[in-house]
Amino acid sequence: LFRSAQWVTIQDSVMSQWLNSYYPACMNGNDLDTTCAGTVSDSIVNTLNLTQSTFGLNFFTNVHTIYFNGSEITNFDYLPPNLKNLYIINAAYLVSLSPLPQGLLTLDIYGTTFSLFPTIPSSVQYLNMSYSSEPVQITPNLKNLILNNKNISSIPPLPSGLETLECNSNIL
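Reading the values: the criteria
Residues numbered from 1 in each chain as written. Predicted model: local features only at pLDDT ≥ 70, side-chain atom pairs only at ≥ 80, totals over all residues. Heavy atoms only, no water. Helix = DSSP H or I, 4+ residues; strand = E, 2+ residues; numbered from the N terminus. Rg over C-alpha atoms; globule rule 2.2 N^0.38 Å. Buried < 20%, exposed > 50% of the residue type's maximum accessible area, 1.4 Å probe, protein only. Contact = heavy atoms within 4.5 Å. Lys, Arg positive; Asp, Glu negative; His and termini not counted. Charge placed at Lys NZ, Arg CZ, Asp CG, Glu CD. Disulfide = S-S within 2.5 Å.

Trainee: What is the right way to look at the overall build of the chain in this model?
Mentor: Broken down by element type, the chain carries two helices and twelve strands. Across the chain, helices and strands are ordered from the amino to the carboxyl terminus as β-α-β-β-α-β-β-β-β-β-β-β-β-β. Taking 172 residues into account, the globule formula puts the C-alpha radius of gyration at 16 Å, and the chain, at 17 Å, falls close to it. Over its C-alpha atoms, taken along the principal directions, the chain stretches across nearly 55 × 30 × 20 Å. Looking at the chain as a whole, 46% of its 172 residues are labelled buried. Pairs at least 24 apart in sequence give 12% of the contacts found in the chain among residues at least 6 apart. Of the charged side chains in the chain, 4 are positive and 10 negative; the average position of the first set lies 12 Å away from that of the second.

Structure (structure tokens):
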């Protein structure tokens with residue numbers, strides 16, 4: 001089956017470099033071929049230090065897990081539509097996070113603070129908000145909730161299906 005290339009320009013130079021390193025067949029300079037097999041068949045995008053934008057990740061339609069650790073990213077503004085697991089660990093400079101995909105199952109924002117934080121989808125089953133200043137959001141399908149070192153004095157009502165609650169080093 002022949003598919004013609006559809007190109008988008010990746011403006012963020014760090015993201016463009018990263019894509020060229022890991023998906024060279026899908027890149028032509030700063031341009032990403034959105035139909036390239038490499039953009040739709042991966043399941044994990046590993047640690048990536050970005051300084052401005054995640055534009056480009058949204059074309060990786062079958063990526064299920066993204067893991068960022070200690071990143072200096074400022075805007076997590078584009079996410080793959082079928083993302084299931086999102087780990088943003090110790091990202092101290094994050095200004096905004098795009099709306100989270102409705103099928104998201106895992107959200108781990110350990111040690112990360114946001115200027116703008118979206119609503120957590122009801123599909124989330126694992127939520128780690130430890131060392132984060134974000135307000136606690138409880139979703140109906142939560143099975144695991146980790147709220148260590150949040151400086152909270154109370155816990156909102158919990159769903160009946162919750163299996164694990166960690167709430168160490170708080171002022172409860």
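Here the narrative resumes, following the displayed structure.
Trainee: Can you help me understand unusual backbone geometry in this one?
Mentor: Glycine aside, a negative phi is what most residues show, and trans is what most peptide bonds show. Of note, the phi angle at Tyr-131 is positive, near 55 degrees, even though the residue is not glycine. Here Tyr-131 lies in the loop between strand 10 (126-128) and strand 11 (144-146). You will see that Ser-169, though not glycine, has its phi angle at about 55 degrees, which is positive. For Ser-169, a relative accessible area of 57% corresponds to the exposed category.

Trainee: I would appreciate a short explanation of the state of the cysteines in the present structure.
Mentor: Think of a disulfide as a covalent bridge from one cysteine sulfur atom to another cysteine sulfur atom. Scanning all chains against the criterion turns up one disulfide. The disulfide partner of Cys-26 is Cys-36, and the S-S distance across this bridge is 2.0 Å. Given an S-S torsion of about -65 degrees, the disulfide between Cys-26 and Cys-36 has left-handed geometry. With Cys-26 in the loop between helix 1 (13-22) and strand 2 (27-28) and Cys-36 in the loop between strand 3 (31-33) and helix 2 (37-41), the pair connects residues that are ten residues apart, well separated along the chain. For the pair Cys-26 and Cys-36, a shared accessibility class is recorded, and that class is buried.

Trainee: Quick question: what am I supposed to make of the environment of Asp-42 here?
Mentor: By the element assignment, Asp-42 lies in the loop between helix 2 and strand 4 (44-45). Note on Asp-42: relative accessible area 23%, which makes it partly exposed. It is 8.7 Å that separates the C-alpha atoms of Asp-42 and Thr-61, two residues lying 19 residues apart in sequence. Setting aside its immediate chain neighbours within four residues, Asp-42 contacts Tyr-23, Asn-62 and Val-63.

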